[in-house]
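Fold and contact review
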Amino acid sequence: TLQSKLCGIWGTKPETTKLMLSRVDDWTSDHKEDCYVDIRAYGKPERTRDFVLDGMAKVQQAFAEHDLAANVRLETYEGERYFHVPPKNS
């Protein structure tokens, strides 16, 4: 699956790697794109600029393998500034 491919690229687990696909058919005329990929990643020391840019190219290729031209953006964050409230288990 596309999600498992993304987990392999970033070395993450499916529980922390969420894929929400939005088609951008009429959103932009600047780029020839099918989808916009917005990645938020924890800013670890090993995630250097070169590592991140290489990973982004691999993400773009993974989408291309599904016949999707992806415009990829990645933003890192600090752990203390990340907040998440998952649904409670019932």
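Since the model is a prediction, treat every value here as computed from it, not as a measurement. (Residues numbered from 1 in each chain as written. Predicted model: local features only at pLDDT ≥ 70, side-chain atom pairs only at ≥ 80, totals over all residues. Heavy atoms only, no water.)

1. A few points about the overall build of the protein chain
Let me state the cut-off plainly: Strands are runs of DSSP state E lasting at least two residues, helices are runs of H or I lasting at least four, and both sets are numbered from the N terminus onward. A simple rule labels every residue: compare its accessible area, found with a 1.4 Å probe on the protein chains alone, to the largest value its type can have, and call it buried under 20%, exposed over 50%, or partly exposed in between. Note on contacts: a residue pair is in contact if any heavy atoms of the two residues lie within 4.5 Å.
Helix and strand counts for the protein chain come out as two helices and two strands. For the protein chain, the sequential pattern of α-helices and β-strands runs α-β-α-β. The principal-axis extents of the C-alpha atoms in the protein chain amount to approximately 40 × 40 × 25 Å. Scored against the burial criterion, the 90 residues of the protein chain give a buried share of 26%. Partitioning the contacts of the protein chain with sequence separation of at least 6, the portion at a separation of at least 24 is 65%.

2. Some details on the packing of aromatic side chains
Short version of the rule: Between rings of Phe, Tyr and Trp, where Trp is taken as its six-membered ring, a pair exists when centres lie within 6.5 Å; planes separated by under 30 degrees are stacked, by over 60 edge-to-face, and by other angles tilted.
Across all of its chains, the model carries two aromatic pairs by this definition. The interplanar angle of 65° and the centroid separation of 6.1 Å between the aromatic rings of tryptophan 10 and phenylalanine 51 together place this pair among those described as edge-to-face. Of the two residues, tryptophan 10 sits in helix H1 (residues 2-10) while phenylalanine 51 sits in helix H2 (residues 49-64), which places them 41 residues apart along the sequence. On the accessibility criterion, tryptophan 10 (13% relative accessible area) is buried.

3. Considering the confidence of the model for the protein chain
Stated precisely, the cut-off is as follows: Within a predicted model, pLDDT stands for the predictor's per-residue confidence, ranging from 0 to 100.
Overall, the predicted model of the protein chain reaches an average pLDDT of 86, with 91% of residues at or above 70. Ranking the elements of the protein chain by mean pLDDT puts strand S1 (residues 35-42) last with 87 and H2 first with 95.

4. Here's the deal with the nonpolar core
Convention followed: Throughout, nonpolar core names a set of buried Ala, Val, Leu, Ile, Met, Phe, Trp, Tyr and Cys residues whose side chains join them through atoms within 4.5 Å.
Membership of the largest hydrophobic core comes to 16 residues, with the highest contact counts inside it found for Trp10, Val37, Ile39, Val59, Phe63 and Val72. Where this core is concerned, the elements lending two or more residues are H1, S1, H2 and strand S2 (70-77). In contact with isoleucine 39, not counting residues within four places along its chain, are Trp10, Val59, Val72, Arg73, Leu74 and Glu75.

5. Re unusual backbone geometry
Look at aspartate 67: it is not a glycine, yet its phi comes out positive at around 60°. Structurally, aspartate 67 can be placed in the loop between H2 and S2. Accessibility expressed as a relative area gives 69% for aspartate 67, which makes it exposed.

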